[in-house]
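Next come the chains, spelled out residue by residue.
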Amino acid sequence: MPEIRDITMKIFVVTALCLMISVAACAGNKPKANPPQQNPTPQIMPNETKPFDAPAWLWEIPSGDYTIGIAYDDGLFGEGAEDVAREYAAVSLSRNKAAYVVDKSVIYSLAEQSEIDWTKVNFQVVVSADTSFLYHADRELKLIDKYSYHGYLITLHGLRTTTPTSTRMPMSQKEIPAWCTPGLVEKGKNILAVGASHQVELMDAWMLAQEEALREIARYKIQNVVSKVRSTENLHEKSMAAETVYRNANVQFDRAFILYLKKNQSRSYKVFLQLKAECL
């Protein structure tokens, strides 16, 4: 019966179309899978330098027995902070008076070598305060000037009074002085030794920069003494020359330059410190 067949075929076609439409609708409504999440690459923040406000007497420290004191200062310590800064200044000045080379046998050993690679020479230097001078400095140091910055009290002390220039000038990464290169140079009758240190606390950075500069001076002394020992065959003269390695040079603070570094919420300080001493 053709009419029944036609009706059956139409029903089949309609049903098939409905099924196709339903499947397509379900596919269209199916939520799409989110692409896999990638962890963002962590950004490493470089050290950000901030200008360090400093008076002229910190840029160029007065010549002679003058020194810098550093202490924590949150505005509550008052004279207590000044006492701590004076003690720091006394220790710092005393270190310039007491640093010396310990092992004299190094002199004779080096003098016997035909060629010396000074970059590989190891020697011990005691960088400690002369106790007798320390007590003297602690009693006699005079407060000449002071200022507070970044939570520190920074002072200028001296065994004699002077009238320093207190004009503030920022120490900036963009204007690092040419002398801020660790090492030692001779200039006229003086040697200029530069030490540098980067530490979390300003007082630590200052002390370690001073120690590095004193080591440069000690290396210079050893080189000169070795040269003197080599220049003579007389045993007495060799011994006398070797003894001079203990002789302390007249070391003075000369210049300072401080960088204030900040990374995220952490701060730190890099100190360049130049010491001046007489040529041997």
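Described in the following lines is the structure provided in the data block. None of these values were measured; they are calculated from a predicted model. (Residues numbered from 1 in each chain as written. Predicted model: local features only at pLDDT ≥ 70, side-chain atom pairs only at ≥ 80, totals over all residues. Heavy atoms only, no water.)

Thoughts on the overall build of the chain
Then step 1. In terms of helices and strands, the chain carries seven helices and 12 strands.
Then step 2. Within the chain, buried positions represent 40% of all 280 residues.
Then step 3. Here the analysis covers contacts within the chain between residues at least 6 apart in sequence; of these, 75% occur between residues at least 24 apart.
Then step 4. For the chain, the accessible area works out to roughly 16,900 Å², and carbon and sulfur atoms hold 53% of it. (Helix = DSSP H or I, 4+ residues; strand = E, 2+ residues; numbered from the N terminus. Buried < 20%, exposed > 50% of the residue type's maximum accessible area, 1.4 Å probe, protein only. Contact = heavy atoms within 4.5 Å. Areas by Shrake-Rupley, 256 points an atom, 1.4 Å probe, with all protein chains shown as cover.)

Some thoughts on the sheet that holds strand β6 (residues 142–149)
Then step 1. Ordered in space as β3-β7-β6, the three strands form an open sheet in which the pairing is antiparallel. Each of the sheet's edge strands pairs with one partner strand only, and the pair in question is β3 (66–72) and β6. Strand-to-strand, the axes of this sheet are offset by a mean angle of 20°, without reference to chain direction.
Then step 2. Note: β3 against strand β7 (residues 152–158), seven bridges, orientation antiparallel. What sits directly across from Y66, in β7, is G158.
Then step 3. This element, helix α3 (residues 79–98), spans β3, β6 and β7 of the sheet and lies at about 135° to β3. (Pairing = 2+ DSSP bridges. Axes fitted to C-alpha atoms, helices over the stretch in contact; angles between N-to-C directions.)

Quick look at the sheet that holds strand β11 (residues 252–263)
Then step 1. Here five strands make up an open sheet; going across it, the order is β1-β11-β12-β10-β9 and the pairing antiparallel. Because the sheet does not close on itself, it has two edges, and the strands there are β1 (48–50) and β9 (183–187). With direction set aside, neighbouring strand axes in the sheet form an average angle of 25°.
Then step 2. Relative to β11, β1 runs antiparallel, the two sharing three bridges. Bridging across to β11, T49 finds its partner in L261.
Then step 3. Its contacts with the sheet put helix α6 (residues 202–230) on β9, β10 (190–199), β11 and β12 (266–278), and the angle it makes with β10 is roughly 145°.

Quick word on the nonpolar core
Then step 1. With 65 residues, the main nonpolar core has F52, L58, I68, L202 and W206 as its most contacted residues.
Then step 2. When residues in this core are grouped by element, the largest group, 15 residues, is from α6.
Then step 3. Those residues in contact with L58 that lie beyond four places of it in its chain are F52, I68, Y147, M171, W206, R255, A256 and I258.
Then step 4. Judged by nonpolar contacts, the second largest core, of seven residues, contains A89, L93, F133 and L159. (Core = buried A, V, L, I, M, F, W, Y, C linked by side-chain atoms within 4.5 Å.)

Regarding the pattern of salt bridges
Then step 1. Taken as a whole and judged by the stated rule, the model has seven salt bridges.
Then step 2. One salt bridge connects D65 with K97, and the closest N-O pair in it is separated by 3.0 Å. Residue D65 is located in the loop between α2 (56–59) and β3, and its partner K97 is located in helix α3; the two are separated by 32 residues in the primary sequence.
Then step 3. On the accessibility criterion, D65 (26% relative accessible area) is partly exposed.
Then step 4. Where salt bridges share partners, they join D83, R86 and D138 into one cluster. (Salt bridge = Lys/Arg side-chain N within 4 Å of Asp/Glu carboxyl O.)

A few points about the side chain of D145
Then step 1. With respect to the helices, strands and loops of the structure, D145 is situated in strand β6.
Then step 2. As a buried residue without a salt bridge, D145 has its nearest oppositely charged side chain in R168, at a separation of 7.3 Å.
Then step 3. At a separation of 2.5 Å, a polar atom in the side chain of D145 contacts the side chain of S166.
Then step 4. Setting aside anything within four residues of it in sequence, one finds D145 in contact with W57, I154, T155, L156, P164 and S166. (Lys, Arg positive; Asp, Glu negative; His and termini not counted. Polar contact = N/O pair within 3.5 Å; in protein donor to acceptor, adjacent residues only side chain to side chain.)

Considering unusual backbone geometry
Then step 1. Not every positive phi belongs to a glycine, and H150 is a case in point at roughly 55°.
Then step 2. Take H150: it is sitting in the loop between β6 and β7.
Then step 3. Phi is positive for N264, which is not a glycine, with a value near 55°.
Then step 4. Along the chain, the position of N264 falls in the loop between β11 and β12.

Notes on the packing of aromatic side chains
Then step 1. This model, assessed by the stated rule, comprises nine aromatic pairs.
Then step 2. Relative to Y149, the ring of F52 has its centre 5.1 Å away and its plane inclined at 85°; by these criteria the two rings are edge-to-face. Taken together, the positions of F52 in strand β2 (residues 52–55) and Y149 in strand β6 put the pair 97 residues apart, joining distant regions of the chain. Taken individually, F52 and Y149 each receive the classification buried, so the pair is uniform in this respect.
Then step 3. With 6.0 Å between their ring centres and 45° between their planes, W206 and F253 make a pair best called tilted. Of this pair, W206 sits in helix α6 while F253 sits in strand β11, and the two are 47 residues apart along the sequence.
Then step 4. Owing to a relative accessible area of 1%, W206 belongs among the buried residues under this scheme.
Then step 5. The exposure class assigned to F253 is buried, which follows from its relative accessible area of 1%. (Phe/Tyr/Trp six-rings, centres within 6.5 Å; stacked < 30°, edge-to-face > 60°.)

The values reported here are purely geometric and, on their own, carry no functional implication.
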